[in-house]
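Architecture and fold: a report
Chain by chain, the residues run as shown.
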Amino acid sequence: MINMHLLPHIALTVYSIFAHSLMPAFFIVSGYGMRKMGIGKSFKKQANTLLIPYLITAALTVVLHLCTHYTLYRYLPGSIKETCRIAGGFLLGLSKTSYYFDVKIFSCGPIWFVLALFWGLIFFNILLTYVSDKYMWFASLGVAFAGWLLSLGNTVPWCISQGAVCAFYICLGYHAKKKKWFTEGVSLKAKAILTLIIFLPNAFMRFIGYMDGMADNVYPFGIITIILNGYMGLILIYGFLFLNRFSGVITSFLRKIGRLSIYVLCVHTIEMMGFPYYYFADKWTGNVTVGCLLLYCIRAAIDIAICFVYVAIKNRVLDYMNSKKMES
């Protein structure tokens, strides 16, 4: 018979495994189509693909935060001060709120993922250039280990430490394609054993009060946590691939959101960091759980709606420009 007192602990562990496997899963998918190229060419390509959206997101967030903060509080010096903390977080690429010389600087929000991916792709491309496949696993683990060591001090700017850890996850994706892990599949027994190996250490971590998170650069068991999170990401990808067997409104909607993930991330960062949600918390007088659920639902609906509208407008503009080129 299951002890009822253990159910919340089990539920929290399952949720934690899912939540902490999301970021590694995205990094693994990014490594799935990785190809070796010149270091300079790689840097330029990733800068155009990732840093430009990051800079646009940063600019829009800073403007929105200044406008909303002043509109809500009507105190310009305070609005400028708080907005400068936001701008500083984007300039330094901080994944979490940190203190430098006793000055509080806010994080850049969920967009830290883009910076980490940028460095991860750069680091792994360097490994592809100079390291043979025979030693690729050891080299990527070495880079991830260096990333973990960097995480032990104060927050490293521009998410370089997360980028080093990300290189290992990109390596997982690279080998997943090379070894055809997702197409030929892994036996159900192997998946069950792997899931159990992942679940037990996470359950132990929750039991002793440790929490880990890539955004906060927290890895309770060091490189072991990093490796476990990577294999959690693989299991999560297998789960989503299993959903491809089904068709319907919900699964089609989830696939569409997945294809727009970079836009969702940018919009989510703008609304999350650009609007001072503590204002909402100060004004809410009802049940805390209801307030949180209501806020999350509204934010998710706004993010998805803005993404769909933006993509629809962008596609129409591109179609119009292409038609004009064809006419000329």
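The text that follows walks through the structure, step by step, so that each part is easy to find. The shown structure was predicted, so the numbers you read here are calculated from the model rather than taken from an experiment.

**Digging into the overall build of the protein**
The number of helices and strands found in the protein is 13 helices and two strands. Buried residues in the protein amount to 38% of all 328 residues. Summed over its atoms, the accessible surface of the protein is roughly 19000 Å², and 72% of this surface lies on carbon and sulfur atoms.

**Quick look at a nonpolar patch on the surface**
A contiguous nonpolar patch, built from W284, V290, L294, I298, I302 and I306 and spanning about 490 Å² of accessible area, is present on the exposed surface. A relative accessible area of 38% places L294 in the partly exposed class.

**Some remarks on the nonpolar core**
Counting 53 residues, the largest nonpolar core has F27, I111, L117, F124, Y169, M214 and I226 as its most contacted members. Counting only elements with at least two residues in this core, the list comes to α1 (7-32), α2 (39-73), α3 (76-92), α4 (112-130), α5 (136-151), α6 (160-178), α9 (223-243) and α11 (261-274). When residues in this core are grouped by element, the largest group, 12 residues, is from α4. Setting aside residues up to four positions removed in sequence, F124 forms contacts with M34, M136, A167, I170, C171 and Y174.

**A short note on the packing of α2 against α4**
Interaxial distance between α2 and α4 falls to 9 Å at its minimum, and their mutual angle equals 170°. In terms of orientation, α2 lies roughly antiparallel with respect to α4. Residues I39, S42, F43, Q46, A47, L50, L51 and Y54 of α2 pack against V114, L115, L117, F118, L121, I122, N125, I126, T129 and Y130 of α4. Partitioned by chemical class, the residues of the contact of α2 with α4 number 14 nonpolar, four polar and no charged.

**A word on the pattern of salt bridges**
Two side chains that carry opposite charge are able to pair once their charged atoms sit near each other. What the rule picks out here adds up to three salt bridges. Its salt-bridge partner being E82, residue R85 comes within 3.4 Å of it at the nearest N-O pair. Separated by three residues within a single helix, R85 and E82 lie in helix α3, roughly one turn from each other. Judged by its relative accessible area of 17%, R85 is buried. When its relative accessible area of 19% is taken as the criterion, E82 is described as buried. Between K178 and D133 there is a salt bridge; the shortest N-O distance is 2.1 Å. Pair noted here: K178 is in helix α6 and D133 is in the loop between α4 and α5, with a separation of 45 residues, a long-range link.

**Examining the environment of F280**
Here F280 shows up in helix α12 (residues 278-283). Of the residues examined, F280 reaches a relative accessible area of 27% and is grouped as partly exposed. Considering only alpha carbons, one finds F280 and G291, 11 residues apart in sequence, at a separation of 9.2 Å. Setting aside chain neighbours within four positions, we find F280 in contact with G291 and L295.

**Brief notes about the side chain of H65**
As for its placement among the helices and strands, H65 is situated in helix α2. Taking the relative accessible area as the measure of exposure, H65 reaches 3% and is therefore buried.

**Regarding α3**
For α3, built from 17 residues, the straight-helix expectation of 24 Å at 1.5 Å per residue is met to within 8% by its first-to-last C-alpha distance of 24 Å. Those residues of α3 not exposed but buried are G78, S79, E82, T83, R85, I86, G88, G89 and F90. Each element contacted by the buried residues of α3 is listed here: α2, β2 (103-105), α11 and α12. A positive backbone phi angle near 60° is found at G93, which sits one or two residues after α3.

**A few points about unusual backbone geometry**
Among all residues except glycine, the phi angle is most often negative; among peptide bonds, the trans geometry is most common. The phi angle at D102 is positive, at roughly 65°, despite the residue not being glycine. Following the sequence through the fold, D102 ends up in the loop between β1 (98-100) and β2. In this structure D102 comes out as exposed when scored by relative accessible area, which is 76%.

**Topic: the packing of aromatic side chains**
Taken as a whole, this structure holds 12 aromatic pairs when the rule is applied. Note on F145 and W148: the rings are 5.4 Å apart at their centroids and 55° apart in plane angle, and the pair reads as tilted. One end of the pair, F145, and the other, W148, are both in helix α5, three residues apart, so they sit about a helical turn from each other. With a relative accessible area of 37%, F145 lands in the partly exposed category. One aromatic cluster is present, formed by F26, F27, F113, W137, F168 and Y169 through successive ring pairs.

**Here we look at the environment of F308**
With respect to the helices, strands and loops of the structure, F308 is situated in helix α13 (residues 288-327). Classification of F308 as partly exposed rests on a relative accessible area of 25%. For the pair F308 and L260, spaced 48 residues apart in sequence, the C-alpha to C-alpha distance is 8.4 Å.

Rules used in this analysis
- Residues numbered from 1 in each chain as written.
- Predicted model: local features only at pLDDT ≥ 70, side-chain atom pairs only at ≥ 80, totals over all residues.
- Heavy atoms only, no water.
- Helix = DSSP H or I, 4+ residues; strand = E, 2+ residues; numbered from the N terminus.
- Buried < 20%, exposed > 50% of the residue type's maximum accessible area, 1.4 Å probe, protein only.
- Areas by Shrake-Rupley, 256 points an atom, 1.4 Å probe, with all protein chains shown as cover.
- Patch = residues over 30% accessible without salt bridge, like charges linked within 9 Å, V, L, I, M, F, W, Y side chains within 5 Å.
- Salt bridge = Lys/Arg side-chain N within 4 Å of Asp/Glu carboxyl O.
- Core = buried A, V, L, I, M, F, W, Y, C linked by side-chain atoms within 4.5 Å.
- Contact = heavy atoms within 4.5 Å.
- Axes fitted to C-alpha atoms, helices over the stretch in contact; angles between N-to-C directions.
- Parallel < 35°, antiparallel > 145°, perpendicular 65-115°, else oblique.
- Nonpolar A, V, L, I, M, F, W, Y, C, P; charged D, E, K, R; others polar.
- Expected span 1.5 Å × (residues − 1).
- Phe/Tyr/Trp six-rings, centres within 6.5 Å; stacked < 30°, edge-to-face > 60°.

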